[in-house]
Amino acid sequence: MDLVPGLKQLEGQLALTADRVAAVKGKLDDLLFRAMKISNAAKNKMKDNDTMYGYDLQNFRRDLRAFGMDIAALPGLLASMERQAAYDPAAAKLAMDVMRVASRVANALKALHDMALLAHQHIRAADHKILAWYVAQEIEEMGQKCMGLPATANKIVILCTTPLAGSPAAEPGKPTPPAAG
């Protein structure tokens, strides 16, 4: 695959992943709010009316595991693009966009992990607490897999913007030879 189309495709895939992380964050935010509500009811010795919390937590974990499989492919895709990267001024802007979106994904996963730990702390029921711990561990694993994405994307930017030594573009004092034709 050529560099420019590959970078466009990679940017699109990273942007979709960032949007999916935001959607997962919204679901986790709902679970956190409900956990806080259940915890507050238990603290005040009131009846808890949220009977679906455990079921929703299990469904969230199942969806999270499927999402984790999709995220596991990202480091390999970025590393493949890094191996293909070469000096190309046309690809420089796309490479910068890929780096920006890769940073967004990595930072969003860090914030998601913090929220998962907070949800785990608010849960009182033992079986729900165990599920919440597994959720936090799976999110941490996803975050660790994506931690290197910004660095790899930065290498792609460097490769796309730095001409090779000895090439006409690398020597600013020398004029470039005219194109044959």
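You'll find the structure just up there.
In this report, the structure presented in the accompanying data block is examined. (Residues numbered from 1 in each chain as written. Predicted model: local features only at pLDDT ≥ 70, side-chain atom pairs only at ≥ 80, totals over all residues. Heavy atoms only, no water.)

### A word on the overall build of the protein chain
Let me state the cut-off plainly: Numbering of helices and strands starts at the N terminus; helices are DSSP runs of H or I of at least 4 residues and strands are runs of E of at least 2. When we talk radius of gyration, it's over C-alpha atoms, and the globule rule is simply 2.2 Å times the number of residues to the 0.38. In this scheme, a residue with accessible area under 20% of its type's maximum is buried, one over 50% is exposed, and one in between is partly exposed, where area comes from a 1.4 Å probe on protein chains only. Only heavy atoms enter the contact rule, under which two residues are in contact if any of them lie within 4.5 Å. Only the protein chains shown count as covering a residue, and every accessible area follows the Shrake-Rupley method with a 1.4 Å probe. Note on charges: Lys and Arg go in the positive column, Asp and Glu in the negative column, and His and the chain ends are not counted at all. For this purpose, a charge sits on NZ of Lys, CZ of Arg, CG of Asp or CD of Glu.
On a plain count of helices and strands, the protein chain comes out with 6 helices and 0 strands. Relative to the globule expectation of 16 Å for 181 residues, the C-alpha radius of gyration of the protein chain, 23 Å, shows a markedly less compact shape. Principal-axis analysis of the C-alpha atoms gives the protein chain an extent of 85 × 25 × 20 Å. Here the protein chain holds 181 residues, and the buried ones make up 37% of them. Contacts spanning at least 24 positions in sequence make up 85% of the contacts within the protein chain whose residues lie at least 6 apart. As presented, the protein chain carries roughly 10600 Å² of accessible surface, and 59% of it is formed by carbon and sulfur atoms. The distance from the centre of the 22 positive side-chain charges to the centre of the 19 negative ones in the protein chain is 5 Å.

### Quick look at the nonpolar core
Formally: What makes a nonpolar core is a set of buried Ala, Val, Leu, Ile, Met, Phe, Trp, Tyr and Cys residues whose side-chain atoms join them at distances within 4.5 Å.
Membership of the largest hydrophobic core comes to 47 residues, with the highest contact counts inside it found for Leu7 and Leu14. For this core, the secondary structure elements donating two or more residues are α1 (3–43), α2 (53–72), α3 (74–84), α4 (92–122), α5 (126–146) and α6 (149–161). Among all residues touching Leu7, those that are not within four sequence positions of it are Met81, Ala91, Leu94, Ala95, Val98, Ile156 and Cys160.

### Notes on the side chain of Thr152
The residue Thr152 is located in helix α6 in this model. Filtering out sequence-adjacent residues up to four positions away, Thr152 remains in contact with Leu78, Ala79 and Glu82.

### Points about unusual backbone geometry
For Lys45, which is not a glycine, the phi torsion comes out positive at approximately 55 degrees. Along the polypeptide, Lys45 turns up in the loop between α1 and α2. Relative accessible area serves as the criterion here: at 77%, Lys45 is assigned to the exposed category.

### Focus: a nonpolar patch on the surface
Note the following rule: Patch membership requires more than 30% relative accessible area and the absence of a salt bridge. Residues of like charge join within 9 Å; the nonpolar side chains Val, Leu, Ile, Met, Phe, Trp and Tyr join within 5 Å. We count a salt bridge whenever a side-chain nitrogen from Lys or Arg sits within 4 Å of a carboxyl oxygen from Asp or Glu.
Together, Ile130, Trp133 and Tyr134 give the surface a local cluster of nonpolar side chains, amounting to about 310 Å² of exposed area. Relative accessible area serves as the criterion here: at 47%, Ile130 is assigned to the partly exposed category.

### Re the packing of α3 against α6
Selection criterion: Orientation is described by axes fitted as lines to C-alpha atoms, over the contacting stretch for helices, and by angles from 0 to 180 degrees between their N-to-C directions. With respect to orientation, any angle under 35 degrees is reported as roughly parallel, any angle over 145 as roughly antiparallel, any angle of 65 to 115 as roughly perpendicular, and every other angle as oblique. Two helices that cross are described as forming a left-handed crossing if the nearer one is turned anticlockwise from the farther one by less than a right angle, and a right-handed crossing if clockwise. Any residue outside Ala, Val, Leu, Ile, Met, Phe, Trp, Tyr, Cys, Pro, Asp, Glu, Lys and Arg is labelled polar, Gly included; the first ten of those are nonpolar and the last four are charged.
Here α3 crosses α6 at 15 degrees, and the two axes come no closer than 9 Å. In terms of orientation, α3 and α6 fall into the roughly parallel class. The hand of the α3/α6 crossing is left-handed. In this structure, α3 uses Leu74, Pro75, Leu78, Ala79, Met81 and Glu82 to contact α6, whose residues at the interface are Leu149, Thr152, Ala153, Lys155, Ile156 and Leu159. Residue composition of the contact of α3 with α6, by class: 9 nonpolar, 1 polar and 2 charged.

### As for the packing of α4 against α5
Two numbers describe how α4 lies on α5: the axes approach to 9 Å, and their chain directions differ by 165 degrees. Between α4 and α5, the angle is such that the two are roughly antiparallel. Crossing handedness for the pair α4 and α5: left-handed. For the pair α4 and α5, contact is made by Val105, Ala106, Leu109, Leu112, His113, Ala116, Leu117, His120 and Gln121 and by Lys129, Ala132, Trp133, Ala136, Ile139, Glu140, Met142, Gly143 and Cys146, respectively. Of the residues contributing to the contact of α4 with α5, the split by class is 12 nonpolar, 4 polar and 2 charged.

### Looking at the environment of Gly143
Along the chain, Gly143 turns up in helix α5. For Gly143, a relative accessible area of 19% puts it in the buried group. For the pair formed by Gly143 and Ala106, sequence separation is 37 residues and the distance between their alpha carbons is 6.5 Å.

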